[in-house]
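Understanding the architecture of this molecule
Spelled out from the first residue to the last, the chains are:
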Amino acid sequence: DGGITQSPKYLFRKEGQNVTLSCEQNLNHDAMYWYRQDPGQGLRLIYYSQIVNDFQKGDIAEGYSVSREKKESFPLTVTSAQKNPTAFYLCASRIGMRNTEAFFGQGTRLTVV
Amino acid sequence: KNEVEQSPQNLTAQEGEFITINCSYSVGISALHWLQQHPGGGIVSLFMLSSGKKKHGRLIATINIQEKHSSLHITASHPRDSAVYICAVKGSTGNQFYFGTGTSLTVIP
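**Quick notes on the interface of chain B and chain A**
The interface of chain B with chain A comprises 20 residues on the first partner and 24 residues on the second. Taking both partners together, chain B and chain A bury about 1,800 Å²; carbon and sulfur atoms supply 60% of that area. Across the chain B-chain A interface, the total number found is zero salt bridges. On inspection of chain B and its partner chain A, the count reaches two residue pairs in polar contact (both at pLDDT 80 or more). For the side of chain B that touches chain A, the elements supplying multiple residues, two or more each, are strand E4 (29-37), strand E5 (43-49), strand E9 (83-91) and strand E10 (97-99) of chain B. Per element, the largest residue contribution to the side of chain B that touches chain A is five residues, and it comes from E4(B). Across the side of chain B that touches chain A, the residue classes tally to seven nonpolar, 12 polar and one charged.

The following block contains the structure:
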């Protein structure tokens, strides 16, 4: 079955450590997205990528980095520069600019202690 | 102002009740999604709509493009329906999704 997979579901890290969240899709989608959710707030865009080897900053990109070396994969690194990294992170993908169908991952809850 | 507004923010219902969650948006859209977020945080995509109505089991989603409004209905609600329901829209221009802040539903046995 095609889908989008985020792993792990729960992640714990010590303060000051970088951590990478995985997002993989086997849907042949061009566009992929990372969102962050904080309590009481809607999901906010961190980064998105429309095509391999290209990505754009979203509304809250500071303290995060991404790569898009393969179409299937769009990992998000939460760096030590991110002041409040504890949050729920959601990955999404879409076929391309002209297509409306989108798929969402299950999400990763990151806790930094 | 948020591009997507949901109401109510919190909803408590007795088991068996008919539930409606509303979503209004202010941008032109190409599609609207209803997502369900469980207490553990995992997200499940329930519906994607661009017009009309869709039904899946006890869940029904409708959208009125002219009024920029969508509703999610749950018939014969059950405690396992307790979750946060999030409305998300894909803008017709640009590359963004816009998300509501969610409706927290608790169904009491």
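**A look at the sheet that holds strand E3 (residues 19-25) of chain A**
Residues and elements named next belong to chain A. Here we have four strands laid out as an open sheet, ordered E1-E3-E8-E7, and antiparallel in their pairing. The two strands at the open ends of the sheet, each matched to only one other strand, are strand E1 (4-7) and strand E7 (64-66). Averaged over all adjacent pairs, the angle separating strand axes in this sheet is 20 degrees, with direction ignored. In this structure, E3 lies alongside strand E8 (residues 76-78), joined through three bridges in antiparallel fashion. Bridging from a neighbouring strand, Thr-20 pairs with Thr-77 of E8.

**Notes on the state of the cysteines**
Joining two cysteines, a disulfide is a covalent bond between their sulfur atoms. Residue and element names in this part refer to chain B. Under the counting rule described, the total for this entry stands at two disulfides over all chains. Between Cys-23 and Cys-87 runs a disulfide, and the two sulfur atoms are separated by 2.0 Å. The sign of the -65 degrees torsion about the S-S bond sets the Cys-23-Cys-87 disulfide as left-handed. Of this pair, Cys-23 sits in strand E3 (residues 19-25) while Cys-87 sits in strand E9; the two residues are 64 residues apart in sequence, bridging distant segments of the chain. Overall, the relative accessible area of 0% leaves Cys-23 in the buried class.

**So, the layout of surface pockets**
Of the voids in this model, the largest pocket is the one considered here, and its volume is about 420 Å³. Lining the largest pocket are 24 residues, and of these Gln37(A), Pro39(A), Gly40(A), Gln37(B) and Val84(B) sit closest to its centre. Among the elements of the structure, strand E9 (87-94) and strand E11 (108-112) of chain A together with E9 and strand E11 (103-108) of chain B are those that each provide at least two residues to the lining of the largest pocket. Ranked by residues supplied to the lining of the largest pocket, first place goes to E11(A) with three residues.

**A few points about the pattern of salt bridges**
Scanning the model with the defined rule gives four salt bridges over all chains in all. Ionic pairing is found between Arg44(A) and Asp38(A), a salt bridge with its closest N-O pair at 2.7 Å. Accessibility expressed as a relative area gives 29% for Arg44(A), which makes it partly exposed. Its relative accessible area of 12% is what places Asp38(A) among the buried residues. Arg58(B) is paired through a salt bridge with Asp81(B); the nearest N and O atoms lie 2.8 Å apart. Of this pair, Arg58(B) sits in the loop between strand E6 (52-56) and strand E7 (59-64) while Asp81(B) sits in the loop between strand E8 (69-74) and E9; the two residues are 23 residues apart in sequence, bridging distant segments of the chain. The exposure class assigned to Asp81(B) is buried, which follows from its relative accessible area of 6%. Taken together, the shared-partner salt bridges connect Arg36(A), Asp38(A) and Arg44(A) into one network.

Criteria and thresholds
Residues numbered from 1 in each chain as written. Chains lettered and ligands numbered in written order. Predicted model: local features only at pLDDT ≥ 70, side-chain atom pairs only at ≥ 80, totals over all residues. Heavy atoms only, no water. Contact = heavy atoms within 4.5 Å. Buried area = accessible area lost by both parts, 1.4 Å probe. Salt bridge = Lys/Arg side-chain N within 4 Å of Asp/Glu carboxyl O. Polar contact = N/O pair within 3.5 Å; in protein donor to acceptor, adjacent residues only side chain to side chain. Helix = DSSP H or I, 4+ residues; strand = E, 2+ residues; numbered from the N terminus. Nonpolar A, V, L, I, M, F, W, Y, C, P; charged D, E, K, R; others polar. Pairing = 2+ DSSP bridges. Axes fitted to C-alpha atoms, helices over the stretch in contact; angles between N-to-C directions. Disulfide = S-S within 2.5 Å. Buried < 20%, exposed > 50% of the residue type's maximum accessible area, 1.4 Å probe, protein only. 1 Å grid on protein atoms, 1.4 Å probe; cavity = no way out; pocket = protein on both sides within 12 Å on 5 of 7 lines; lining within 4 Å. Points joined across faces, edges and corners; volume = space filled by probe spheres on them.

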